[in-house]
Amino acid sequence: MATDFELSRIYAKGWTAGRRSDIDFEAPGFDDELAALNPYTFGAERERWATGFQDALKRSQDQRGRIVR
């Protein structure tokens, strides 16, 4: 079982991967694509990476929708 610190680093790795990705989290088949990208095979580590990845995608999409001045 990973420590809280290790889980935070795993989340950050997922976040980084999500920021680099251009897949649409609302597209059909997103869950399958996410599962294929996740480097962790099971447990809290897999869940934490996926959460970081999805959070980054959502933030990126939110920022693209904003008008930058």
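From a predicted model like this one, the values you see are computed outputs, not experimental measurements. (Residues numbered from 1 in each chain as written. Predicted model: local features only at pLDDT ≥ 70, side-chain atom pairs only at ≥ 80, totals over all residues. Heavy atoms only, no water.)

Asker: Please explain the overall build of the protein as it appears in this structure.
Answerer: Counting its regular elements, the protein contains 3 helices and 0 strands. Mapped from its N terminus to its C terminus, the protein presents α and β elements in the order α-α-α. Along the first, second and third principal axes, the C-alpha set of the protein runs to 45 × 30 × 15 Å. Within the span of the protein, comprising 69 residues, buried residues form 26% of the whole. Partitioning the intrachain contacts of the protein with sequence separation of at least 6 by distance along the chain shows that 71% fall at a separation of at least 24. Looking at the protein as shown, the accessible area adds up to about 5100 Å², and 49% of this sits on carbon and sulfur atoms. Each charge class in the protein can be summarised by its mean position, and for the 11 positive and 12 negative side chains these summaries are 9 Å apart. (Helix = DSSP H or I, 4+ residues; strand = E, 2+ residues; numbered from the N terminus. Buried < 20%, exposed > 50% of the residue type's maximum accessible area, 1.4 Å probe, protein only. Contact = heavy atoms within 4.5 Å. Areas by Shrake-Rupley, 256 points an atom, 1.4 Å probe, with all protein chains shown as cover. Lys, Arg positive; Asp, Glu negative; His and termini not counted. Charge placed at Lys NZ, Arg CZ, Asp CG, Glu CD.)

Asker: For this particular structure, what's the right way to read the environment of Leu 37?
Answerer: When you line up the elements, Leu 37 lands in helix 2 (residues 30-37). In the structure, Leu 37 is positioned 20 residues away from Ala 17 in sequence and 8.9 Å away in space, judged by C-alpha atoms. Apart from the residues lying within four places of it in its own chain, the contact partners of Leu 37 are Ile 23, Trp 49 and Phe 53.

Asker: Even after reading the chapter, I still don't get the nonpolar core, so can you show me in this structure?
Answerer: Where a protein is soluble and globular, its nonpolar side chains tend to be buried together. If you look at the biggest cluster of nonpolar residues, it comprises 10 residues: Ala 2, Leu 7, Ile 10, Ile 23, Phe 30, Leu 34, Trp 49, Ala 50, Phe 53 and Leu 57. Secondary-structure elements contributing two or more residues to this core are helix 1 (4-20), helix 2 and helix 3 (43-64). No other element matches the 4 residues that helix 3 contributes to this core. When sequence neighbours within four positions are dropped, the list of residues in contact with Ala 2 reads Leu 7 and Glu 45. (Core = buried A, V, L, I, M, F, W, Y, C linked by side-chain atoms within 4.5 Å.)

Asker: Would you take a moment to explain a negative patch on the surface for this structure?
Answerer: There is a patch of like negative charges on the surface, built from Asp 22, Asp 31, Asp 32 and Glu 33. Looking at the element boundaries, Asp 32 is found in helix 2. Its relative accessible area of 61% is what places Asp 32 among the exposed residues. (Patch = residues over 30% accessible without salt bridge, like charges linked within 9 Å, V, L, I, M, F, W, Y side chains within 5 Å. Salt bridge = Lys/Arg side-chain N within 4 Å of Asp/Glu carboxyl O.)

Asker: Please clarify how helix 1 should be interpreted in this entry.
Answerer: Every α-helix carries 3.6 residues per turn, so stepping three or four residues along brings you back to the same face. Look at helix 1: 25 Å from first C-alpha to last across 17 residues, which is about the 24 Å you get at 1.5 Å a residue. For helix 1, the set of buried residues is Leu 7, Ile 10, Gly 14 and Gly 18. Buried residues of helix 1, viewed axially, fall in a sector of 80°; they line one side. Away from its buried face, by an angle of more than 90 degrees, helix 1 presents the exposed residues Phe 5, Lys 13 and Arg 20. (Expected span 1.5 Å × (residues − 1). Arc of directions from axis to C-beta.)

As far as function goes, none of this settles anything; it's purely spatial.
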